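Residues per chain, in single letters:
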Amino acid sequence: MSPEIIFDPYTKLYSEVSKLIRSSEIRDLLSVTGRSDIISFGGGLPYIGGLPPEDFSRVLSDVLRESFTEAFQYGETEGLETLRSRLVEVMAEEGLSAEPEHILITTGSQQALDLIGRIFIDPGDTIVMEGPTYVGALSAFRPNGPRIITIPLDDMGMRVDLLEEELKRADAPAPKFVYVVPNFQNPAGVTMHKSRRDKLIELSDKHDLLIIEDNPYGLLRFEGKPEETLAGRDPHRVVYLGTLSKTVSPGIRVGWIMAPSPVVEKLATLKQSADLCSSNLNQMFAEAYLGQDIWKKNLESQKAIYRSRRDAMLKSLEKYFPKEARWTHPQGGLFIWATLPEYLDTAKLLPQAIEQKVSFVPGTAFYPDYTGANHMRLNFSFPPEEQIVQGIKILGKVIRKEIELYHSLGLDHY
Amino acid sequence: MKPKIAVLMGGRSLERSVSLKSGKRVARALENRGYDVISLDVNETLVPRLLSDRPDLVYIALHGKYGEDGTIQELLDIIDIPYTGPGPLSSMIGFNKVLSKELFRAHGIPTPGYYTLSSSTLKEMSASELLGDAWEKLGSPLVVKPAAQGSALGIRIVENLEDLPGALITALGYDDRVLLEEYVEGCEVAVSVIGTEEPETLPVVEIVPDSGFFDFESRYTPGKTDYFIPARLDEKVTAEVERVARAAHKLLRCKDLSRVDIIVSKDNVPHVLELNISPGMTETSLLPLAAEAAGMSFEDLIERLVELALT
């Protein structure tokens, strides 16, 4: 018997990239959050339970009846022409004008991020991201080995002034792209101010930068006036990502990229090797659904639900969180970002919160450099209002107890 | 007709995901052996389900709080359904590192020296002023761990006194009481013990983590830890390790099963770190591995535990 045991006999075969994949305490802890007795502020799920199933079932059976052979066949890598034309109308809702030829359908926005990471990033290349940023973008870009410059956010979005300073530094290599989520950012919930958008476009001209504009939440605005998209300001500088995950359903996995033609072609070639094409059935469903009045009607009712849930969360935070805490006031989207005293590490209070049946995502998950420990992301779209009130009350108590503990150990200062 | 067995798994302990892996694997093994199996993720429907389904036996594949601390065992005693592994008292003591270490110490089973601290002594009695003393007495580095938790969750090795408060906060996230434990350098081994009156040991597993410390990541990331079976100890030391493991198992009156985690110090003394009454049953868990080394397939192992529980 050989004395050494190797659980995974394929260990020697794995690529360097795959070795970056690890078990993590946080991910394991959060696995509890799928249970129905846990109040989950941890996910980022739209509230599908609020949609009328009969609308979906009617559209789906129409598709099956009218387009059976096409729906169950392979499709074009670029995506269905009809859907791309329909998405031009969807983008027009946000004042963006587009041509179907500049659109590539992807299997969710996550595929778009993966493809973008692979066509633009060589190991050691510099890219710019917001701090905090979307965790899925981090995980899509990281395997390509970029050097990530993190530009902090405030209530007006990315601190473009700090980006400018970074770009001015003579020794700094030019970034391949700047990745931003300008509307109701995940995780911070903030929206990039008009002046910042102007400045970002100006910088991209001056420094010959490409901007990746990821806009999953733009149509989930509850109040205030929409800002013009970055792609609308300068289509030649921007690769724009859209998705139906938050406005129709994440289950259909329909996303898209709008980009200048040469970029679309490159991306399409790569997509072909990734999955040949996105599901025809799902694309046909999406096209048919978007072509009917129910789309906007259902979106409006989703927004009304999210809005009152956001209000419930803001009110509860005011009432139950300690006075040292701050949080963002999103005008749309799915998330509120809470900031606790700087010495606190929210990952360390997650087990207690879960013990009390409440979950959230600790801040470090959203920073390329694992800073941001004193923040937490709170999702308000999924839990019902009474759970939001109850959950924030419990979290408030857990945080107060933790502050006392830090105080007793003399750690409540920096 | 083979008995009907309910496999309990998941629950809402912090080790839920590991337990689901253990439970699914156990359920599959039992099905392969022709048992009538019901898989139950523990939630508020548990008691009604057990009352209506009336299994002949419950297989406990739960880890951590509620599953390993005597809670579920007490409940099954009331419903009067036999179950795998030790009863409530052994579970309660095994899960509580303070109680089990005190018993080990009282009965001459070596265990690393330690102090305990609770969040209330820190908050209400300024116990933080004692940290320097504890540091002096236990020597450095030292190990900070929650008094009751499994899977190495919340455990930190502290090399410098100034890192101690931060490690306390991590551990106190998992339990109101924490252990400051002397760090014993040596060979880390796990000994699986099967049986009750005359328990036997499975081959000793030696654990060599890449990082030098068998933490959560090392435990559950294949390739992050090397294992040697049998452990690279000489025959006499191995025998002593096995004797100590059996002694700990019997002292806590463990029925049928336990896994005893031990550090063998440089001078060849086995120090018991803890005793687990519901050891992991995943593909990277130590007990099934030891069984395999003893020529027992996973199915054999599970069936043996079932037979023990039914007799």
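Refer to the structure above for everything that follows.
Bear in mind that the values here come from a model prediction, so they are computed numbers and not experimental data.

1. Looking at the overall build of chain B
Scanning chain B from N- to C-terminus turns up 12 helices and 13 strands. Taking 2.2 N^0.38 as the reference for a compact globule, 311 residues should give roughly 19 Å; the C-alpha atoms of chain B span a radius of gyration of 19 Å, in line with that estimate. Considering only C-alpha atoms, chain B reaches an extent of 65 × 50 × 35 Å along its principal axes. In chain B, which comprises 311 residues, the proportion classed as buried is 59%. Residue pairs in contact within chain B that sit at least 24 positions apart in sequence constitute 66% of those at least 6 positions apart. Of the accessible surface of chain B, which amounts to about 12400 Å², a share of 49% is contributed by carbon and sulfur atoms. Computing the positive centroid from 32 side-chain charges and the negative centroid from 48, chain B places the two 3 Å apart.

2. Section: the sheet that holds strand E3 (residues 57–60) of chain B
Residues and elements named next belong to chain B. Taken in spatial order, the 3 strands line up as E2-E1-E3 in an open sheet, and their pairing is parallel. The two strands at the open ends of the sheet, each matched to only one other strand, are strand E2 (36–41) and E3. Looking at each pair of strands side by side, their axes are set apart by 25° on average, direction ignored. Taken together, the 6 bridges between strand E1 (residues 4–9) and E2 define a ladder with parallel strand orientation. Each bridged residue has a counterpart across the sheet, and for Val7 the counterpart in E2 is Ser39. Seen against the sheet, helix H1 (residues 16–32) touches E1, E2 and E3 and runs at an angle of roughly 165° to E1.

3. What about the sheet that holds strand E14 (residues 361–362) of chain A?
Residues and elements named next belong to chain A. Spatial strand order, E11-E12-E15-E14: 4 strands in an open sheet with antiparallel pairing. Of all strands in the sheet, those bounded by a partner on one side alone are strand E11 (326–327) and E14. With 2 bridges joining them, E11 and strand E12 (residues 335–339) adopt antiparallel strand pairing. When the sheet's bridge partners are listed, Arg326 is paired in E12 with Thr339.

4. Things to note about the pairing of strand E8 (residues 210–214) of chain A
Looking down a regular strand, the side chains alternate between one sheet face and the other. All names here are of chain A. The element E8 is largely enclosed, with a buried count of 5 among its 5 residues. With burial as the criterion, each face of E8 is covered, one bearing Leu210, Ile212 and Asp214 and the other bearing Ile211 and Glu213. Sheet topology places strand E7 (residues 177–180) next to E8; 4 bridges connect them, and they run parallel. The partner of Tyr179 across the bridge, within E8, is Ile212. Note that the unit made of E7, helix H7 (residues 194–207) and E8 has a crossover that is right-handed. Alignment of E8 against strand E9 (residues 238–243), held across 4 bridges, turns out to be parallel. Residue pairing for E9: Ile212 is matched across the bridge by Val239.

5. Concerning the environment of Pro270(B)
All names here are of chain B. Residue placement: Pro270 occurs in strand E13 (residues 270–276). Assessed through its relative accessible area of 2%, Pro270 is described here as buried. Among residues more than four places away in sequence, those in contact with Pro270 are Pro110, Glu240, Val241, Val244, Ile262, Ile263 and Val264.

6. Quick word on the packing of helix H6 (residues 160–168) of chain A against H7(A)
Residue and element names in this part refer to chain A. H7 packs onto H6 with a crossing angle of 15° between their chain directions and a minimal axis gap of 10 Å. Comparing their axes, H7 and H6 come out roughly parallel. For H6 against H7, the interelement crossing comes out left-handed. Where H6 approaches H7, its residues Val160, Leu163, Glu164 and Leu167 are matched on the opposing element by Arg196, Lys199, Leu200, Leu203, Lys206 and His207. The residue inventory of the contact of H6 with H7, partitioned by class, reads 5 nonpolar, 1 polar and 4 charged.

7. Let's talk about the side chain of Arg237(A)
Looking at where Arg237(A) falls in the secondary structure, it is placed in the loop between helix H8 (230–233) and E9. Once residues within four sequence positions are removed from consideration, Arg237(A) is found in contact with Ser204(A), Asp205(A), Asp208(A), Leu209(A), Leu210(A) and Ile211(A).

8. Quick word on the packing of helix H2 (residues 53–71) of chain A against helix H11 (residues 294–320) of chain A
Residues and elements named next belong to chain A. Here H2 crosses H11 at 155°, and the two axes come no closer than 11 Å. Judged on the interaxial angle alone, H11 and H2 are roughly antiparallel. H2 and H11 meet at a crossing whose hand is left-handed. Note on element contacts: H11 touches H2 through Ile294, Lys297 and Asn298, opposite Asp55, Phe56, Arg58 and Val59. Across the contact of H2 with H11, the residue classes tally to 3 nonpolar, 1 polar and 3 charged.

Definitions and cut-offs
- Residues numbered from 1 in each chain as written.
- Chains lettered and ligands numbered in written order.
- Predicted model: local features only at pLDDT ≥ 70, side-chain atom pairs only at ≥ 80, totals over all residues.
- Heavy atoms only, no water.
- Helix = DSSP H or I, 4+ residues; strand = E, 2+ residues; numbered from the N terminus.
- Rg over C-alpha atoms; globule rule 2.2 N^0.38 Å.
- Buried < 20%, exposed > 50% of the residue type's maximum accessible area, 1.4 Å probe, protein only.
- Contact = heavy atoms within 4.5 Å.
- Areas by Shrake-Rupley, 256 points an atom, 1.4 Å probe, with all protein chains shown as cover.
- Lys, Arg positive; Asp, Glu negative; His and termini not counted.
- Charge placed at Lys NZ, Arg CZ, Asp CG, Glu CD.
- Pairing = 2+ DSSP bridges.
- Axes fitted to C-alpha atoms, helices over the stretch in contact; angles between N-to-C directions.
- Right-handed = clockwise from strand over helix to strand, strands pointing away.
- Parallel < 35°, antiparallel > 145°, perpendicular 65-115°, else oblique.
- Left-handed = near helix turned anticlockwise from the far one by under 90°.
- Nonpolar A, V, L, I, M, F, W, Y, C, P; charged D, E, K, R; others polar.

Geometry only, nothing functional implied.
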